Amino acid sequence: MSAADEILDIVDENDVVVGESPRGEAYARGLRHRCVFVQARDADGRLFVHRRTATKLVFPSLYDMFVGGVVGAGESYDAAALREAEEELGVSGLPSPVPVFKFLYDNGAGQTWWSAVYEVRCDLPVNPQTEEVAWHAFLTEEEVERRLTEWTWVPDGLAAYELLRERRATG
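What counts, and where the lines are drawn
Residues numbered from 1 in each chain as written. Predicted model: local features only at pLDDT ≥ 70, side-chain atom pairs only at ≥ 80, totals over all residues. Heavy atoms only, no water. Helix = DSSP H or I, 4+ residues; strand = E, 2+ residues; numbered from the N terminus. Rg over C-alpha atoms; globule rule 2.2 N^0.38 Å. Buried < 20%, exposed > 50% of the residue type's maximum accessible area, 1.4 Å probe, protein only. Pairing = 2+ DSSP bridges. Salt bridge = Lys/Arg side-chain N within 4 Å of Asp/Glu carboxyl O. Expected span 1.5 Å × (residues − 1). Arc of directions from axis to C-beta. Contact = heavy atoms within 4.5 Å. Polar contact = N/O pair within 3.5 Å; in protein donor to acceptor, adjacent residues only side chain to side chain.

A. Representation of the overall build of the protein within the structure. When helices and strands are counted, the protein shows four helices and nine strands. Taken from N to C terminus, the helices and strands of the protein fall in the order β-β-α-β-β-β-β-α-β-β-β-α-α. Taken against the 2.2 N^0.38 rule, which gives 16 Å for 171 residues, the C-alpha radius of gyration of the protein at 15 Å falls within 12% of a compact globule. Overall, the C-alpha framework of the protein stretches about 40 × 35 × 30 Å when taken along its three principal axes. Across the 171 residues that make up the protein, the buried fraction comes to 47%.

This is the structure in structure tokens:
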């Protein structure tokens, strides 16, 4: 099955399931669905950062400071966070990602999804999926901050990163 054929739950503005749709159709019609964002840090506290492959359905070739993706129909946010983190990092046996907060991403141009943000520590050697990750590195927080204006980032991940940074600052 291709990524476009994956079945997603379609949700309303309150994150209540109102139907199902193939992923490609949900994207084409701007149907609200669910996603997970997992901020992965290595043993030294550095952030996993990657550039998405050119074949991604959404935001191809852009940089991201989260791993993650869509939540499948009937799947919980927690299960999707662990599945996506292990898939994208290319590891197994990762501890369960810790939920931090949820927010509604809406760019006003038909891209809208409920987004659950998680954190996880990955002490395992990573072997990212070549279908999803074109380049990767673990960067310090300072390096990520410096790159925010130099690289083109996925807008939903950037929104999640800014919200997470605000939460940490107000503590």
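Additional details are given in the paragraphs that follow.
B. Structural detail: the pairing of strand β1 (residues 7–11). Counting buried positions over the five residues of β1 gives four, a clear majority of the element. For β1 and strand β2 (residues 17–22), the ladder comprises five bridges, and the chain directions are antiparallel. Within the sheet, the bridge partner assigned to Ile10 lies in β2 and is Gly19. Where β1 folds back onto β2 in an antiparallel hairpin, the turn is made up of five residues, including Asp15, whose phi is positive at roughly 65 degrees.

C. Inspection of the pattern of salt bridges at higher detail. Overall, the coordinates contain 15 salt bridges when judged by the stated rule. Among the ionic pairs, Glu141 bridges to Arg41, the shortest N-O distance being 2.8 Å. Pair noted here: Glu141 is in helix α3 (residues 141–147) and Arg41 is in strand β3 (residues 33–41), with a separation of 100 residues, a long-range link. Between Arg147 and Glu150 there is a salt bridge, with its nearest N and O atoms 2.8 Å apart. Looking at Arg147, the relative accessible area reads 27%, which means it is partly exposed.

D. Just helix α4 (residues 155–170), in detail. The end-to-end C-alpha separation of α4 is 23 Å, in line with the 22 Å expected for 16 residues at 1.5 Å each. Every buried residue of α4 is listed here: Asp156, Gly157, Ala160, Tyr161 and Leu164. With its buried residues spanning 135 degrees around the axis, α4 presents them on a single face. Pointing more than 90 degrees away from the buried face of α4 are the exposed residues Ala169 and Thr170. Contacts made by the buried residues of α4 are with β3, β4 (47–52), β5 (63–64), β7 (98–106), β8 (112–121) and α3. Count one or two residues on from α4 and you reach Gly171, which has phi positive near 40 degrees.

E. Molecular detail of the environment of Glu150. Its location among the elements puts Glu150 in the loop between α3 and α4. Along the primary structure Glu150 and Asp42 are separated by 108 residues, whereas in three dimensions their C-alpha atoms are 23 Å apart. For Glu150, the side chain forms a polar contact with the side chain of Arg147, separated by 2.8 Å.

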